[in-house]
Structure formats: structure tokens, C-alpha cells
Amino acid sequence: MKTAAPCYYHLDMELSPERIGQVRRILAAHLRYWDLETLVEPVCQCAEALLRTIDRHAADKNTTIEMWWNGQHLITAVQDAERDIRPHYAPSGCLTQIAALSNGWGCCATAAGGKIIWFSQRARSGERAPLVPAAPAPSLREARPLPRALPLPAVAARNREEQAAEQPEPVLVGA
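To keep things clear, this report deals only with the structure shown in the data block. Think of each chain on its own: its residues are numbered from 1, step by step along the sequence as written. Restriction of local features to residues with pLDDT of at least 70 applies here, the model being predicted, together with a cutoff of 80 or more for giving and counting side-chain atom pairs; totals for whole chains, interfaces and linings are based on all residues. Excluded from the side-chain calculations are hydrogens and water; all other atoms, namely the structure's heavy atoms, are used.

**Things to note about the packing of aromatic side chains**
Stage number 1. Pairing of aromatic rings covers Phe, Tyr and Trp, the last counted by its six-membered ring, and requires centre-to-centre distances within 6.5 Å; plane angles under 30 degrees mean stacked, over 60 mean edge-to-face, and any other angle means tilted. All chains considered together, the criterion is met by one aromatic pair.
Stage number 2. Residues Tyr 8 and Trp 68 carry aromatic rings whose centres are separated by 5.7 Å and whose planes lie at 45° to one another, so their mutual orientation is tilted. Residue Tyr 8 is found in strand S1 (residues 7–14), and its partner Trp 68 is found in strand S2 (residues 62–69); the two are separated by 60 residues along the sequence.
Stage number 3. Exposure categories follow from relative accessible area, calculated using a 1.4 Å probe and restricted to protein chains: below 20% of the type maximum is buried, above 50% is exposed, and the middle band is partly exposed. According to the relative accessible area criterion, Trp 68 is partly exposed, its value standing at 34%. Only runs of H or I of at least four residues qualify as helices and only runs of E of at least two qualify as strands under DSSP, and these elements are numbered from the N terminus.

Structure (C-alpha cells):
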């Protein structure tokens, strides 16, 4: 198995409803770049659920999103300034969705008084087939035997002589 290079992405932003779609596209682009196409939907759905909940319930909209890829696990963390996570625990809340779409999740407090909610996904790095040089297409040299019997100008002169020999000689009338 090919080992994957560790990858890290960090985004600080002030959250607004129109930024949520932009963040989803940014995360999807990074996952595709890291060759983790299979994780795009679950990771983006979980991140989007967290961001929408933060946008609805948090007074401070400054948010940080981080993603770590170590070759086997992708960990995504969303940090905000609100310590309270009770709105997330509602039966239709985002933590229920995150638990259903991820392999694990957790929450911890920050020193600044906020919280970090993280979730992880297991995946293998994309196995890429080694590039094999393609056989060259047959060229003109391979299609014709070399060397030619006559050089090209000699062939043209011989064709002119044959054409002249095939024409009948003019007949003179009245002489």
C-alpha cells in the first residue's frame, strides 16, 4: 500500500449564511485534491450542519475550520466562541447527523471559552496506477521498407519518362 503524505487545511472566517455554501465548495476541493473523493459528501454535510447551527445560535460568528489527513483518517474540526452545545443535542440536531455520517466525533472546550466539535472519517489514500509509456503509433518509416530503391527525384523523373512513352507519336498529314 502506498503511504499518503499528511495534509492539513485551516480556514478562519466570519460566518454568514452565504459563506456556508462557499465553505462547502472549498472543503470539497481540498478533499478532491487530496484524492479523497469518497469523503466529500459526508464531510461536507457534517461541516455544513455545524456551520448552519453556529450561524443560527451563536452570537459570535467567528469560526475556524481545520482538516487533518494522515493517510488513514480525516479529522475535521469546527471551532466557535460559544461554550454551550445544548442546541446541537436536539433529536434533529447536527450532532445526531454527525454521529450518523462519521466514524467518530467529539467535543471539547477551548481555553478562550469556546468549543471545538470534531468528527473523523476512515479512508484509504487513493491508489494510483503507475504511468506506463504508451507504445508509439507506427510512423511512415515503419510502414515503408527502407532504403528505397530510387531516391525521390529519380522516381519523379522515371514517372515522366513512362508517361511520355505511353503517348502515341503525332502523325503528320499532307507531307
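So, next bit.
**Brief notes about the pattern of salt bridges**
Pairing between side chains of opposite charge can happen when the charged atoms of each approach one another.
Stage number 1. Counted as salt bridges are all cases of a side-chain nitrogen of Lys or Arg within 4 Å of a carboxyl oxygen of Asp or Glu. Under the counting rule described, the total for this entry stands at six salt bridges.
Stage number 2. Residue Asp 80 is joined to Lys 115 by a salt bridge in which the shortest nitrogen-to-oxygen separation is 2.9 Å. In this pair, Asp 80 is assigned in strand S3 (residues 73–80) and Lys 115 in strand S5 (residues 115–122), connecting sequence segments 35 residues apart. Neither residue differs from the other here; Asp 80 and Lys 115 are each classed as buried.
Stage number 3. One salt-bridge network, in which partners are shared between bridges, spans Arg 24, Glu 41, Glu 48 and Arg 52.

**Some remarks on helix H3 (residues 94–101)**
Stage number 1. Those residues of H3 lying buried are Cys 94, Leu 95 and Ile 98. One side of H3 carries all its buried residues, which in axial view fall inside an arc of 100°.
Stage number 2. In this fold, the buried residues of H3 make contact with helix H2 (40–57), strand S4 (104–109) and S5. Throughout, the arc means the angular range of directions from the helix axis out to the C-beta atoms. Note on contacts: a residue pair is in contact if any heavy atoms of the two residues lie within 4.5 Å.

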